[in-house]
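Listed below, chain by chain, are the residues.
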Amino acid sequence: MNFSNYRLSLDIHETESGLSLRAKKGDSIRKIYVTLMDGGAPYRITPDCTAAFTARKPDNTILFNNALIENNAIVYELTPQTTASAGQVRCEVRLYGGDGRLITSPRFFLDVDDTVFTEGDQVVSDDEYTVLEDAIAQVDQAVADAQASLAALEAEFREKVENGELTDAVSAAFLHKTGGTMAGDIAMDGHHITGLAEPEVPTDAATKACADAASALAQAAQATADAALPRSGGAMTGPIAMGGSKITGLAAPSAPADAVTKAYADAKRFTASAALGTGWSASAPYTQTVPVPGLLETDIPHVAPVYDPDPAAALAQREAWSMVCQAEAGTDSLTFACFENCPGAAVPIQIEVMR
């Protein structure tokens, strides 16, 4: 059966791509090809790199699996565990350099649809760590190979002793304590290999400390994930102290309890300055329309006079303002009315609107 392939380009400068793939529950004949981009240009994967696929399934079980590197792309073959749970799988690929450094791709999503019916036993969704399983399997295989090799050497040694050929056979069949190259496997037969150095290249034997550290790292990552708020959103269980920092990129509020942006708060208050002149209509009620750019017909303005610092001028302005009986908002204008007397002095005014 041929594979169905998905091909993605993910820029390492982003944290989430928004891209979604689709698969059916239980599908395992699909591959995901991920090309990493570096600001629009392909990111070159060096030969010393290894790759892994990490994901959180809809039921919160974890995937931490091996991935391949082919033609500068990271290739992951969906396992039955990848599609074992219907819903949205949050996915990332990780690229590890030979120097231990890490690059993680932007998050993308795999939408797993349920099937109409299931053939055979349903795959139970569980955590899957093929990276750790492969490391443990390599150690187990190394131990098994060592046991078999030791048994063969013991048999050969006994034969050489019996035949009197031990002297010549020692240099050809045994490893000197100062080191050398083995010609076969070593079977430990249940015994330990002790004093092993930490591995540096993929073919080095791994210590128990190395394997335990990998397991502890996975557990710590799981604990961190369980205690952290996913970037895709969720519900906080306590307050957030910003420590003087900003919250940026906030969406406009839509519900009463939503946080508001500065632009939203600023838009709630409108202020303007204008001047009420002496150009009133000819008869009572005397009216005058003053331009106020930005004022809306639906606004309810609060209008106040701005008196001159000179007392005599300020007194004339106060008397003129006392004759004003009404102010009505219009689009980009404010119309005043005096019912009895017509003011003879101009009055600077300040307009404020709360929307």
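Above this text you will find the structure in question.
Computed from a prediction, not measured in an experiment: that's the story for all the values here.

A. Molecular detail of the overall build of the protein chain. Assigned secondary structure in the protein chain consists of five helices and 16 strands. For the protein chain, whose C-alpha radius of gyration is 39 Å, the value lies well above the compact-globule estimate of 20 Å for 355 residues. By its C-alpha atoms, the protein chain is 140 × 55 × 40 Å across when sized along the principal axes. Counting all 355 residues of the protein chain, 28% fall into the buried class. Long-range pairs, those at least 24 residues apart, make up 70% of the contacts in the protein chain with a sequence separation of at least 6. The positive charge centre, built from 24 side chains, and the negative charge centre, built from 47, are 4 Å apart in the protein chain.

B. Region of interest: the sheet that holds strand β13 (residues 302–305). Taking strand neighbours across the sheet as the criterion, the three strands line up as β11-β16-β13 in an open arrangement whose pairing is antiparallel. The open sheet has two edge strands, β11 (269–276) and β13, and neither has a second partner. On average, adjacent strands in this sheet sit at an angle of 20 degrees to one another, irrespective of strand direction. Bridge count for β11 against strand β16 (residues 347–354) is eight bridges, and the pairing is antiparallel. Considered in β16, the bridge of Leu276 is made with Val347. Here helix α5 (residues 311–322) sits on the sheet and contacts β11, β13 and β16; the angle it forms with β16, its principal contact strand, is near 55 degrees.

C. Broad picture of the nonpolar core. If you look at the biggest cluster of nonpolar residues, it comprises 25 residues, and the most contacted ones within it are Ile32, Val34, Phe53, Ile74, Phe108 and Leu110. Elements represented by at least two residues in this core include exactly β1 (4–11), β2 (16–24), β3 (30–38), β5 (50–56), β6 (62–70), β7 (73–77), β8 (87–96) and β10 (107–113). At four residues, the largest contribution of residues to this core is made by β8. Dropping the residues within four chain positions of it, Ile74 is found in contact with Ile32, Tyr33, Val34, Leu36, Ile45, Ala51, Ala67, Leu68, Val93 and Leu95. Counting 22 residues, the second-largest nonpolar core is a separate cluster that includes Leu276, Trp321, Ala329 and Ile349.

D. Expanded view of the sheet that holds strand β12 (residues 286–291). In spatial order, the strands read β12-β15-β14; together these three strands make up an open sheet with antiparallel pairing. In the strand order of this sheet, the two ends are held by β12 and β14 (326–330), each with one partner. When strand polarity is set aside, the average angle formed by the axes of neighbouring strands in this sheet is 20 degrees. Pairing of β14 with strand β15 (residues 333–338) involves five bridges; the strand directions are antiparallel.

E. Focus on the packing of aromatic side chains. Considering all chains together, one arrives at two aromatic pairs under this definition. Taking 3.8 Å as the distance between ring centres and 5 degrees as the angle between the ring planes, the aromatic pair formed by Phe53 and Tyr76 counts as stacked. On the criterion of sequence distance, the pair formed by Phe53 in strand β5 and Tyr76 in strand β7 is long-range, its members being 23 residues apart. A residue is classified by how much of its surface remains accessible, and Phe53, at 1% relative accessible area, is buried. Note on Tyr76: relative accessible area 2%, which makes it buried. When the ring of Trp321 is compared with that of Phe336, the centres are 6.3 Å apart and the planes differ by 70 degrees; the resulting orientation is edge-to-face. With a gap of 15 residues between them, Trp321 in helix α5 and Phe336 in strand β15 connect regions that are remote in the sequence. The side chain of Arg7 reaches across the aromatic face of Tyr33, ending 4.4 Å from its centre. Looking at Lys31, its charged tip hangs above the ring of Phe3, at a distance of 4.4 Å from the centre.

F. Molecular detail of the side chain of Thr83. Inspection of the secondary structure puts Thr83 in the loop between β7 and β8. Here Asp27 takes part through its backbone oxygen, which lies 2.8 Å from a polar atom of the side chain of Thr83. Here Thr83 is in contact with Ala23, Lys24, Lys25, Gly26, Asp27, Leu78, Leu110 and Val112, once residues within four sequence places are set aside.

G. Fine view of the pattern of salt bridges. Throughout the structure, instances matching the rule amount to nine salt bridges. Among the ionic pairs, Asp299 bridges to Arg355, the shortest N-O distance being 2.8 Å. With Asp299 in the loop between β12 and β13 and Arg355 in the segment after β16, this residue pair connects regions lying 56 residues apart in the sequence. Overall, Arg355 belongs to the partly exposed group, its relative accessible area being 36%. Within this structure, Glu16, Glu92 and Arg107 form a network of salt bridges that share partners.

Reading the values: the criteria
Residues numbered from 1 in each chain as written. Predicted model: local features only at pLDDT ≥ 70, side-chain atom pairs only at ≥ 80, totals over all residues. Heavy atoms only, no water. Helix = DSSP H or I, 4+ residues; strand = E, 2+ residues; numbered from the N terminus. Rg over C-alpha atoms; globule rule 2.2 N^0.38 Å. Buried < 20%, exposed > 50% of the residue type's maximum accessible area, 1.4 Å probe, protein only. Contact = heavy atoms within 4.5 Å. Lys, Arg positive; Asp, Glu negative; His and termini not counted. Charge placed at Lys NZ, Arg CZ, Asp CG, Glu CD. Pairing = 2+ DSSP bridges. Axes fitted to C-alpha atoms, helices over the stretch in contact; angles between N-to-C directions. Core = buried A, V, L, I, M, F, W, Y, C linked by side-chain atoms within 4.5 Å. Phe/Tyr/Trp six-rings, centres within 6.5 Å; stacked < 30°, edge-to-face > 60°. Lys NZ or Arg CZ within 6 Å of the ring centre and 35° of its normal. Polar contact = N/O pair within 3.5 Å; in protein donor to acceptor, adjacent residues only side chain to side chain. Salt bridge = Lys/Arg side-chain N within 4 Å of Asp/Glu carboxyl O.

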